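Survey of secondary and tertiary structure
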Amino acid sequence: MPTEFLHAQDDGGGATALADFWELFWNSKRSAGGFSWVLADEGLVRTDMDNVIDANRVNAPDGLVGPHREKEGSYYAMREIYSPVKIWMEKLPEDFDGSIQVENRYHFTNLKEIRFEWQLVDFSLPEQRGAFHKVIKSGTAESPDVAPVQKGTLFLDLPANYKQYDALYLRAFDTSGDEIYCWSWKTDGNANQVVKLVEKTLDENETERLKALKALGIEEDNILPIQQQAGNTDINATVEVNENDSLITLKASGIAITFSKKDGTIRSLANDFGLPLPFSNSPVLVSGNAELQNIEHSRSNNSYRLDMVYNGDIKNLSWTMYNSGWLQLDYEYRVEGEQYFTGISFDFPESDIISAKWLGEGPAHVWKNRLQGGRLDVFQRLYNNVLPGDNNWQCPQFKGYYADVSWMEFNTVDGKFTVVAQEDDLFVRLFDFYGISGSQNYPALPVGNISFLDGIPPLGTKLAMGISNDTWNLGPAGELNTMDKPVKRTLYFYFGLR
């Protein structure tokens with residue numbers, strides 16, 4: 001039984017890499033587990049200093065929770081890692097029939113004594129006040145007869161149209177009625193969110209989905225393309241194009257975006273109804289290299305497209321502006337070798353951010369080797385500069401890597417902008433932070449300030465000032481990112497109030 005094998009100083013250790021260790025322990029005949037150091041940050045209440053909690057700066061804030069049980073990311077991850085009811089399904093299969101494989105890790109309790117409840121939920125939209133979900137349909141599943149340390153199947157009797165709802169929640173309750181864990185899955189990727197939010201031309205599948213959502217009572221003006229919505233008909237709904245020797249500007253519905261013809265990056269953003277947004281010098285790869293060779297133009301009835309041709313690690317990149325003012329970024333890239341992070345990044349001054357609201361896994365930020373514990377929901381957070389081990393315990397932290405983000409709305413001093421992801425499994429990096437402090441904080445960050453990533457770094461552990469950066473020796477999840485094939489993504493941007 002190892003002790004302090006994942007010392008939880010700063011944001012490292014704790015549940016970081018714990019899943020790899022725990023599976024090794026569970027499946028080893030001679031393992032009885034291990035000791036994490038420690039449950040709660042230690043500190044003295046300094047009555048001579050207005051009752052401040054003195055944790056000896058970096059030496060004692062090494063808990064999974066704060067002195068008043070403030071929950072850090074490792075707390076949420078441990079709930080899933082240590083859950084005595086194990087469900088390994090990461091996504092709902094395309095042909096999901098309600099069957100879920102379960103493992104009983106109780107030693108004395110049959111799963112037929114555990115209560116299972118399912119819920120089909122819809123999430124609030126960015127323009128709605130607050131951050132919440134609504135339970136639309138729910139039910140109780142018959143608890144399977146699975147003996148201790150055995151495996152079996154749980155069946156959920158879901159309605160045939162379950163994909164028309166945003167997500168499925170599954171909750172397990174123990175014999176005392178306490179919740180063991182809540183698992184969550186998107187019912188059909190990000191398709192519902194794109195149809196509800198993005199004002200663009202709908203393809204055949206999106207049109208059918210739109211009809212199904214309307215049948216469920218979704219507000220029509222929330223989901224129809226802008227050319228079909230009630231609104232200000234005086235707004236110019238045709239994309240204007242202006243070009244000179246160095247710049248190309250696209251403008252529609254009062255929103256203008258200017259690109260550099262030298263490197264393809266955004267040079268400026270303007271909105272006739274608000275302040276210019278300092279979202280610029282981007283996108284750029286966070287690892288790898290690419291050089292712009294050419295820009296090709298094309299127009300359709302309701303959009304204008306710029307195809308940017310690169311040499312290097314960007315295979316394809318195009319910007320499409322719709323008459324509605326929405327922008328669509330399509331890109332494909334591949335970077336060779338091991339990388340701390342992969343994806344693209346944008347410049348935006350941290351000093352201008354007020355808050356963020358997003359649909360994704362939360363409530364805590366994640367690392368490559370601490371992805372457990374998240375639940376799909378809408379979260380809203382005011383900007384703060386809380387960092388691990390800084391002894392202020394004002395959880396939750398604003399900055400960090402956030403997992404499986406479907407959309408994120410940024411509220412800034414310059415106005416609002418919204419980003420919607422077409423594909424699953426997008427990480428969003430918010431500004432500058434660290435996992436482990438030292439003479440040089442660790443790990444290094446991507447370029448830029450706001451990043452949209454497919455790979456994020458793992459985190460090590462720290463004891464006093466002894467920092468272990470060799471995360472590969474903490475288990476497979478601690479290995480760096482490699483790309484076996486190119487990644488294709490589509491992101492939608494709206495720079496203004498929706």
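Presented here is an overview of the structure given in this document. Owing to the predicted nature of the structure, the values given are computational and were not obtained by experimental measurement.

Some points on helix α2 (residues 73–81)
Of all the residues in α2, the buried ones are Gly73, Ser74, Ala77, Met78 and Ile81. On an axial view of α2, the arc spanned by its buried residues comes to 125°, and they lie on one face. Elements in contact with the buried residues of α2: α1 (18–26) and β3 (85–87).

Observations regarding the nonpolar core
Core analysis: the largest hydrophobic core is formed by 70 residues, its most contacted members being Phe279, Trp319, Phe452 and Phe493. Element by element, the count of residues in this core is highest for strand β17 (residues 314–322), at five residues. Beyond its immediate stretch of four places on either side in the chain, Phe493 contacts Phe279, Trp319, Gly325, Trp326, Leu327, Leu329, Phe346, Thr418, Val419 and Phe452. Core analysis: the second largest hydrophobic core is formed by 27 residues, Ile87, Phe96, Val146 and Trp183 among them.

Points about the sheet that holds strand β5 (residues 115–123)
A sheet is described by the order of its strands in space; here four strands give the open sequence β6-β5-β8-β9, paired in antiparallel fashion. Either end of the sheet is taken by a strand with one partner, and the two such strands are β6 (133–141) and β9 (179–186). This sheet shows a mean twist of 20° between the axes of neighbouring strands, independent of strand direction.

As for α1
For α1, the full list of buried residues reads Leu18, Ala19, Phe21 and Phe25. Across the axial projection of α1, the buried residues extend over an arc of 160°, all falling on one side. The inward-facing, buried residues of α1 contact α2.

Describing the pairing of strand β25 (residues 427–430)
Burial along β25 is two-sided: the face carrying Phe427 and Arg429 and the face carrying Val428 and Leu430 are both buried. Pairing analysis gives four bridges linking β25 to strand β26 (residues 450–455), with the strands arranged antiparallel. Residue pairing for β26: Phe427 is matched across the bridge by Leu453.

Let's talk about the side chain of Asn271
Mapped onto the secondary structure, Asn271 falls in strand β13 (residues 266–271). Look at Asn271 and you get buried, because its relative accessible area is 14%. Within polar-contact distance, the side chain of Asn271 engages the backbone nitrogen of Phe273 at 2.8 Å. In this structure the side chain of Asn271 is engaged in a polar contact, spanning 2.8 Å, whose partner is the backbone oxygen of Phe495. Excluding its chain neighbours within four sequence positions, the residues that come into contact with Asn271 are Gly254, Ile255, Phe495 and Gly496.

Looking at the packing of aromatic side chains
Across all of its chains, the model carries 32 aromatic pairs by this definition. Ring geometry for Phe410 versus Phe417: centroids 4.6 Å apart, planes at 15°, classification stacked. Classification of Phe410 by relative accessible area gives buried; the value is 0%. When the centroid spacing of 5.8 Å and the interplanar angle of 10° are considered together, the rings of Phe493 and Phe495 count as stacked.

A closer look at the pairing of strand β20 (residues 353–362)
Judged by how many residues are buried, β20 sits mostly within the fold: eight of 10 residues are covered. Bridge count for β20 against strand β23 (residues 407–412) is six bridges, and the pairing is antiparallel. Within β23, the position partnered with Trp358 by the bridge is Met408. As defined by bridge partners, β20 adjoins strand β21 (residues 375–382) across eight bridges and the pair is classed as antiparallel. Of the residues in β21, the one forming a bridge with Leu359 is Val378.

Examining the sheet that holds strand β4 (residues 99–104)
Remark on secondary structure: sheet strands pair via backbone hydrogen bonds, oriented parallel or antiparallel. Here we have three strands laid out as an open sheet, ordered β3-β4-β7, and antiparallel in their pairing. Two strands in the sheet have a free side with no partner beyond their single neighbour: β3 and β7 (151–155). Adjacent strand axes in the sheet meet at a mean angle of 40°, parallel and antiparallel pairs treated alike. In terms of strand pairing, β4 meets β7 through five bridges, oriented antiparallel. In the strand pairing of β7, Val102 is matched with Gly152.

Things to note about the pattern of salt bridges
Applying the stated criterion to the full structure yields 24 salt bridges. Three or more residues are tied together by salt bridges with common partners; here these are Lys91, Lys186, Asp404, Asp424 and Asp425.

Rules used in this analysis
Numbering of residues starts from 1 in every chain and runs along the sequence as written. Restriction of local features to residues with pLDDT of at least 70 applies here, the model being predicted, together with a cutoff of 80 or more for giving and counting side-chain atom pairs; totals for whole chains, interfaces and linings are based on all residues. The side-chain numbers reported here are obtained from all heavy atoms of the structure, hydrogens and water having been left aside. The classification of residues rests on relative accessible area computed with a 1.4 Å probe and restricted to protein chains. Under 20% of the type maximum is buried, over 50% is exposed, and intermediate values are partly exposed. Helix and strand definitions here come from DSSP, where helices need a minimum of 4 consecutive H or I residues and strands a minimum of 2 consecutive E residues; each element is numbered from the N-terminal end. Picture the helix axis, draw a direction to every C-beta atom, and the arc is the one those directions span. In what follows, a contact means two residues having at least one pair of non-hydrogen atoms within 4.5 Å. Here, the term nonpolar core denotes a set of buried Ala, Val, Leu, Ile, Met, Phe, Trp, Tyr and Cys residues that are joined through side-chain atoms within 4.5 Å. Only when DSSP finds a minimum of two bridges between them are two strands counted as paired. The axes used here are C-alpha line fits, helices contributing only the stretch in contact, and every angle between their N-to-C directions lies in the interval 0 to 180 degrees. Whenever two N or O atoms come within 3.5 Å, that pair is a polar contact, provided that in protein one can donate a hydrogen and the other can accept it, and provided that, for residues adjacent in sequence, both atoms are side-chain atoms. Whether two aromatic rings pair depends on their centres lying within 6.5 Å, for rings of Phe, Tyr and Trp, where Trp uses its six-membered ring; planes under 30 degrees apart make the pair stacked, over 60 edge-to-face, and the rest tilted. Counted as salt bridges are all cases of a side-chain nitrogen of Lys or Arg within 4 Å of a carboxyl oxygen of Asp or Glu.

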